[in-house]
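Listed here are the chains, written in short residue letters.
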Amino acid sequence: MLKNAKVIKTARNKYQQAREEFGSFHLGETVFIEPSIARRGDPIRINYQGLLKNSGADAVYLHYGFDRWNSPQTVAMYPSPEGIFQAEVRANGNYEMNFCFKDSANNWDNNSGQDWSITLQ
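Nothing here was measured: the structure is a model prediction, and the numbers come from that model.

Colleague: I tried to follow the overall build of the protein on my own but got confused; where do I start?
Modeller: A tally of regular secondary structure across the protein gives two helices and ten strands. For the protein, the succession of helices and strands along the chain, N to C, is α-β-β-β-α-β-β-β-β-β-β-β. Across the 121 residues of the protein, 38% fall into the buried class. Counting only carbon and sulfur atoms, one obtains 46% of the accessible surface of the protein, whose full area is about 7,300 Å².

Following this line, the structure appears as structure tokens:
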């Protein structure tokens, strides 16, 4: 039990460091984007350290679309040295990006059925 508490504390500390260093925008405690303001046409990094990662997923994929899930795509995420899964995509929508995550066993983290979305500027 103490080992799990240490892992969680380490993850939270790294999460806080990333927040301060990169000016990221946080969507709860498990997802954050960089840069903090997503602009149409610019690259966006999605960072994930949620349910799938914490359940031991060997691979995590970002499933995303724009403007209410138009043109959905799925891309592999890569683990950072801190163990946070990351993917970079171009913000090709007009007003929002919608996304969720899945692992190689096809388990989904869709934010309790609400998915995630960010406004594009």
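Read on, since the account is not over.
Colleague: I would appreciate a short explanation of unusual backbone geometry in the present structure.
Modeller: Glycine aside, negative phi is the norm for most residues, and most peptide bonds take the trans geometry. Between Glu34 and Pro35 the backbone carries a cis peptide bond, its omega angle lying at -5 degrees. One non-glycine residue with positive phi stands out, namely Asn106, at about 65 degrees. Residue placement: Asn106 occurs in the loop between strand 8 (96–103) and strand 9 (108–109). Non-glycine residue Asp115 carries a positive phi angle of around 55 degrees. Tracing the backbone shows Asp115 in the loop between strand 9 and strand 10 (116–119).

Colleague: Honestly, the side chain of Glu34 in this entry has me stumped. Any pointers?
Modeller: Take Glu34: it is sitting in strand 2 (residues 31–34). At a separation of 3.0 Å, a polar atom in the side chain of Glu34 contacts the side chain of Asn47.

Colleague: I tried to follow the pairing of strand 5 (residues 70–76) on my own but got confused; where do I start?
Modeller: Within a regular strand, the side chains alternate between the two sheet faces. When strand 4 (residues 60–66) meets strand 5, the two strands line up antiparallel, connected through five bridges. Counterpart to Phe66 in the pairing with strand 5 is Asn70. As consecutive antiparallel partners, strand 4 and strand 5 are separated by three residues, and within that stretch Asp67 has a phi angle of approximately 55 degrees, a positive value.

About the cut-offs
- Residues numbered from 1 in each chain as written.
- Predicted model: local features only at pLDDT ≥ 70, side-chain atom pairs only at ≥ 80, totals over all residues.
- Heavy atoms only, no water.
- Helix = DSSP H or I, 4+ residues; strand = E, 2+ residues; numbered from the N terminus.
- Buried < 20%, exposed > 50% of the residue type's maximum accessible area, 1.4 Å probe, protein only.
- Areas by Shrake-Rupley, 256 points an atom, 1.4 Å probe, with all protein chains shown as cover.
- Polar contact = N/O pair within 3.5 Å; in protein donor to acceptor, adjacent residues only side chain to side chain.
- Pairing = 2+ DSSP bridges.

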